[in-house]
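# Chains, contacts and geometry: an overview
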Amino acid sequence: MNKAEVLKEIIEQRRSIFPKDYTENEIPQNIIDEILNSATFAPNHKRTKPWRFKIFKGEEKAKLASEMQAIYKASQPEQLFLEKKYNDIGFKINKADAVASIVVNFSGMVPEWEEIAAVSMAVQNMYLTCTANGIGSYWSSPKIVEQLKESLTIEENQKCLGLFYMGISNVAI
């Protein structure tokens, strides 16, 4: 198979695979490193490299789940609070082997939309690398990520665009 055929196959197989379909198996660190490295090859105007990713695994990931559940609970009026949604927040994060925060860093050198587009392309590279390695993944952008500024150490010129969940999939990719 030539490179174009391999690329076409990976692009056609790329899809969101949700944490409910992840196994308990761990993603090897070298694969996580490869996924993050592939993001750095996304095109970006004036080489601003506006993406910032932080990987959460193990105890740090469990803390993220608890924090997001607490934010959800605190931000919902009692009559709108849904126990199922609260539980789903924790389940998704804990079921994934690794979760990456997706943050855009606005340089001020180019329009903000260009830097958001560059981050989106970086995430697409991550998706494709996950697919090529048989890793399930998906990008979620719940509104509550905007309140994660402390745990993500988000600066004034940055914004969290969501979380990228990754896990060994029990679904054929």
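Residues numbered from 1 in each chain as written. Predicted model: local features only at pLDDT ≥ 70, side-chain atom pairs only at ≥ 80, totals over all residues. Heavy atoms only, no water.

### Concerning the pattern of salt bridges
It is possible for side chains bearing opposite charge to pair when their charged atoms get close. Worth spelling out the cut-off: Counted as salt bridges are all cases of a side-chain nitrogen of Lys or Arg within 4 Å of a carboxyl oxygen of Asp or Glu. We count a stretch as a helix when DSSP gives it H or I for four or more residues in a row; a strand needs E for two or more, and each element gets its number in order from the N terminus. Burial classes: relative accessible area under 20% of the type maximum marks a residue as buried, over 50% as exposed, and values in between as partly exposed (1.4 Å probe, protein chains only).
According to the stated counting rule, one finds 7 salt bridges in the structure shown. A salt bridge links Asp97 to Lys57, with the shortest nitrogen-to-oxygen separation between them at 2.7 Å. Residue Asp97 is found in the loop between helix H4 (83-95) and strand E2 (98-105), and its partner Lys57 is found in the loop between strand E1 (51-56) and helix H3 (58-75); the two are separated by 40 residues along the sequence. Judged by relative accessible area, which is 13%, Asp97 ranks as buried. For Glu146, the salt bridge identified is with Lys143, shortest N-O distance 3.4 Å.

### Some remarks on the nonpolar core
For clarity, the threshold we go by: Take the buried Ala, Val, Leu, Ile, Met, Phe, Trp, Tyr and Cys residues and link them wherever side-chain atoms come within 4.5 Å; each set so joined is a nonpolar core.
Judged by nonpolar contacts, the single largest core of 46 residues is most densely connected at Met68, Ile93, Val99, Phe164, Tyr165 and Met166. Of all the secondary structure elements, the ones that give two or more residues to this core are helix H2 (29-39), E1, H3, H4, E2, helix H5 (112-132), strand E3 (135-140) and strand E4 (158-168).

### Observations regarding the state of the cysteines
So the rule is basically this: The definition used for a disulfide is geometric: two cysteine sulfur atoms within 2.5 Å.
For the structure shown, the criterion picks out 0 disulfides. Residue Cys130 stays outside any disulfide, its sulfur separated by 17 Å from that of Cys160, the closest cysteine. Exposure remark for Cys130: the relative accessible area of 0% places this residue in the buried category.

### A look at the packing of H3 against H4
Just so we agree on the cut-off: Each axis is a line fitted through C-alpha atoms, and for a helix only the stretch in contact is used; angles between axes span 0 to 180 degrees, taken between their N-to-C directions. Should an angle lie under 35 degrees it is considered roughly parallel, over 145 roughly antiparallel, and from 65 to 115 roughly perpendicular; all remaining angles are considered oblique. If you view the pair so one helix is near and one far, a crossing is left-handed when the near helix is turned anticlockwise from the far one by less than a right angle, and right-handed when it is turned clockwise. Note on contacts: a residue pair qualifies if any of its non-hydrogen atoms lie within 4.5 Å across the two residues.
Closest axis-to-axis distance for the H3/H4 pair is 9 Å, and the angle between their directions is 165°. Our classification of the angle between H3 and H4 gives roughly antiparallel. The two elements H3 and H4 cross, and the hand of that crossing is right-handed. Across the interface between the two elements, Lys61, Ala62, Leu64, Ala65, Met68, Gln69, Tyr72 and Lys73 of H3 pack against Lys85, Tyr86, Asn87, Ile89, Gly90, Ile93 and Asn94 of H4.

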